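Take a look at the letters that make up each chain.
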Amino acid sequence: MPSERLLPRLFLILLVAVLALAGWQWRHGAPLSANLMELVPGSTPDALELKAEQRMQEPLNREMLVLVGHADRQKAMAVAQQLGERWQASGLFEKVQWNLQADLPALREQLLRGRLAMLSAKDREQLIEHPDAFIQQRVQALFDPFTGFSLVPSQDDWLGLTGRIQNSQPQHGSVQLDIGSGALIADADGKSWVLLRARTTGNAFDMKLPVQVADLLQASRAQAGEQGAQLLAASGLLYAANGQQQATREITWVGGGATLGILLLLLLAFRRWRVLLAFVPVLVGMLFGAVTCVALFGHMHVMTLVLGSSLIGVAVDYPLHYLSKSWSLQPWRSWPALRLTLPGLSLSLATSCIGYLALAWTPFPALTQIAVFSAAGLVGAYLSAVCLLPALLQGVDLRPAQWPLRIAEGLWVLRATLIKHLPSPLLLALVLLFCAGGLWHLNSKNDLRQWIGAPPQLLQEAQAVARITGFQPTSQFFLVRADNQQQLLERQAALGQRLDQLVNMDKLQGYLALNQLVNLPAEQQRLRDALNQLPQHWQPLLDLGVPANALHAEIAQLQGLPIEDIDAALVGPLAEPWRTLWLGPVDGGVAAMVSLQGLNNPALLRVQALDLPGVQLVDRLGDLNRVFADTQISAAELKLMSCVLIVLLLILPFGVGGALRIVALPLLAALCSLASLGWLGQPLTLFSLFGLLLVTAISVDYAILMREQIGGPAVSLLGTLLAALTTWLSFGLLAVSSTPAVSNFGLSVSLGLAFSFMLAPWAGHQKHAL
Amino acid sequence: MLTPVGAGLPAKDVNDNANRLTLRSALRFFAGKPALTLIGLLLSFSAHAFDLQQLSDQLAKPSVIHGNFIQEKHLRALPQPLVSKGTFVLAKDHGLLWLLKTPLQQDYRISAQGIARRDANGWQLLPNKSAGAEQNRLFLAVLQGDSSGLQRDFELQLQGEAKQWKLTLIPRSLLLKQVFTQINIDGGELVQTIQLLETQGDSTVLRMQDSTAAQPLSDAEQHDFAQ
């Protein structure tokens, strides 16, 4: 037949084209991404919100905070210094800082420049309303031996405004400066902890850096341990490193395990080396999947690779379809066997693709990627199984081992005996009873934390660092928008008043807002005007010998200070903590963030933003958890829709009754899996639901195989068994993943496959016209 | 598996606050660093030539010192120094009472709890300044004869003899150098003068006069330390 010669050639041309495309895509190295943020639902359509979020995340993904603890303070500092020097020399970090040498001239300059703009509300109030008291306090301060050294000498600031600004800076945390060394030290748990900050050259989503940093930390930890010191570290990089190592391990296990298992199964069943060529569709499938993914999304996520590696088990089903015919079709020839099974194969491709593509409509970019990867992979596998593999297997005389067939026959007999004693309707009733009981026990659970397989040790350390330093930043923050800077500061001040109440009630540890750094222009002006009245009150200063002309000169100088706007206020070392909060001009207005510390009731925050115009709470964590819950319902709807589609597709070959029956079985299997989850005490998560969604599509295939019964029931059962086994080998292995989401997925697919296999024989028998 | 989400979202993000803690600590230090903490430092030093050990022992001997002080603040821009007078009580086990009498009246206390100032309602801990637990810790450590901190932060030069000595402290760290150029202390049996030369050009001279170690703590003083 000419098509038997034409098809392999056409396919080879396609393959070469795809390979060339892949080569082009990989020209700058692997287009892989490890940024999990890309995979969670994009619930923020707003570009500004996204920018704000990235700004808040950025330091987390690049910085590492390390505490070096030792009972002896000196020892702790010595170890911290060694560590700092070693890390600096490692080349992994842009900057490693373990002691502080403040830039005092710059600080002075900023304080002097910001005397009107940075003065706190309380001090402003006193100067304006009670100038006598203000002057009196200044006189006192000049004599006070405990006022300390002002950064700015008295003759540059007779009114002492810089000292007041210095003292009113918001303070958090329990880290102290060691005066001699400049080290930052906190005392806790009977130890002195020296703080060390390191900023990496790349971010956490770099493919190599996090692991290198984690290794360095590991080595440093051991070295510190030899000197009796303890290291605590917190950084997004460590989670990334852990995630990458875990992903690599899991790809190896799932991919490697599935491959080995399937190859072994093929060899055992068919006893021909060349049958291993059945793996060609798998490889082609992977290639097609990867290329399509990169073409559509610009890159491929590592998680797609992990979950996608389960495609191995599904892709190998296509060759198995006609290979397994060798038990009944003797002598077995590749092309005739293919022709015989082609309708089934094509149906199977269609139903699986429907199942996978249903995943693409969930709001999870992760699943969209996996769906696209899998659907393209299946098409690739199908094409190579149909066009190429038969040519490769031409001339192979398959003589499969007889024992698998005997097992299948045994199973078939077992089933027949079972039905004799327990008729099908009764069995169905029992199964439904089992389902009802299980569903009764089933409870659902959805949390973003399911995505995270972080070891408890990392979490504990991060918590310890937060406890010792007293810093408990929260992921939530407020985004404030306004038409101009004046309005922005007003809005922040309005929000600040509400937040102050929370701080007073101990519901919040503190917050950081731009209006703490710079006063409203109107306030600056008020202060400037109030300076005019000071000469009537400053006699006590003159009594000390302060020259009147110096005071007048200072007033003139102060009144000559320009009104500071946010951009000006952000210049200078004192503004460092606030700098990230300023988003600048956006969409004809301006925007800034308000960051929060030590929050213990997120629900309270939402209320704060109510009826404050332009103020919005950004709570990604909360939003995501809500999306998870909402998606569960839409996932169920998708499942039903995909079933309807499959029924429509199957009506043509099997008629309405047959189609319904074929689809009812996987649905029943899914129900049984749900019930099993309930009986096992496992929660129903979004991911188990997705797993079941997928299994419905795959197991339609089994029902079709059983219904067609090409070569007799036992042979069909064997084909189903082989298909289910290979699929299970790849999906079931996902259940061992340490990421709860992935393992949930694996578990529900495994259960679904088992039930689908058991229920498949009830698909009935199709009378073939052929 | 891959967990940058874990890094970002849950509230275990400590790093972004590292920035703000550094400067703030520095400010707190400068705001809270009491000049007179240094009086306490003088109670003890470790070994050196004349020697520091002897001086340390000599100064550590009395358990209570009473005296008068004159504080002169020489500000670069003022022709005359700002002069204030008062009395002090330095108790080895309790801390320091610094009672300013003229030109204005104000009582201070440095103790384990921090720096307190007396107002109409009694002693009030100064919140901003007491936050600098570091210098209180250092101060008290020195009071108890632990001089390791001082040696680390300052270069010590001792001249003279037990009856008439002069100690010069030169800061070692860049941070302290930006505040002091030098601290000079003169004394005999007890400390007599402390001179602080600030990098900015101002200086402070503290003269302790009529110091005596003969008097125990009065009831009122004990009461002041007890609160």
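Please read all numbers here as calculations on a predicted model, not as lab measurements. (Residues numbered from 1 in each chain as written. Chains lettered and ligands numbered in written order. Predicted model: local features only at pLDDT ≥ 70, side-chain atom pairs only at ≥ 80, totals over all residues.)

1. Looking at the overall build of chain A
Line of reasoning, step 1. Within chain A one finds 30 helices and 13 strands.
Line of reasoning, step 2. Taking all 770 residues of chain A together, the buried fraction comes to 51%.
Line of reasoning, step 3. Pairs at least 24 apart in sequence give 81% of the contacts found in chain A among residues at least 6 apart. (Helix = DSSP H or I, 4+ residues; strand = E, 2+ residues; numbered from the N terminus. Buried ≥ 20, exposed ≤ 12 C-beta atoms within 10 Å, placed from the backbone. Contact = placed C-beta atoms within 7 Å.)

2. Quick notes on the sheet that holds strand 1 (residues 64-74) of chain B
All names here are of chain B.
Line of reasoning, step 1. A sheet is described by the order of its strands in space; here 11 strands give the open sequence 6-5-4-3-2-1-11-10-9-8-7, paired in antiparallel fashion. Among the strands making up the open sheet, the edge pair consists of strand 6 (122-125) and strand 7 (154-161). In this sheet, neighbouring strand axes are inclined to one another by 20° on average, regardless of whether the strands run parallel or antiparallel.
Line of reasoning, step 2. Each of strand 2 (82-91), strand 3 (95-102) and strand 4 (106-111) is contacted by helix 9 (residues 219-226), which is oriented at about 115° to strand 3, the strand it contacts most. (Pairing = 2+ DSSP bridges. Axes fitted to C-alpha atoms, helices over the stretch in contact; angles between N-to-C directions.)

3. Observations regarding helix 3 (residues 73-90) of chain A
Residues and elements named next belong to chain A.
Line of reasoning, step 1. Here helix 3 spans 26 Å end to end across 18 residues, near enough to the 26 Å set by a 1.5 Å rise per residue.
Line of reasoning, step 2. When helix 3 is considered as a whole, its buried residues turn out to be Arg 73, Ala 76, Met 77, Val 79, Ala 80, Leu 83, Gly 84 and Trp 87. Within helix 3, the buried residues cover an arc of 165° as seen down the axis, which keeps them to one side. Across helix 3 from its buried face, at more than 90 degrees, point the exposed residues Glu 85 and Ala 89. (Expected span 1.5 Å × (residues − 1). Arc of directions from axis to C-beta.)

4. Some words on the environment of Ala 635 of chain A
Line of reasoning, step 1. Along the polypeptide, Ala 635 of chain A turns up in helix 27 (residues 620-680).
Line of reasoning, step 2. Excluding residues within four positions of it along the chain, Ala 635 of chain A makes contact with Thr 362, Leu 686, Leu 689, Phe 690 and Leu 693 of chain A.

5. Remarks on the confidence of the model for chain B
Residues and elements named next belong to chain B.
Line of reasoning, step 1. Confidence in the prediction for chain B averages 69 pLDDT; 66% of positions are at 70 or higher.
Line of reasoning, step 2. Note that residues 1-49 has pLDDT below 50 and, in this model, 201 contacts with residues that lie over four places away or in other chains.
Line of reasoning, step 3. Low pLDDT (under 50) marks residues 128-146, which in the prediction has 50 contacts with non-local residues, meaning those over four places away or in another chain.
Line of reasoning, step 4. Among the scores for the predicted complex, ipTM is 0.72 and pTM is 0.69. (pLDDT = per-residue confidence, 0-100.)

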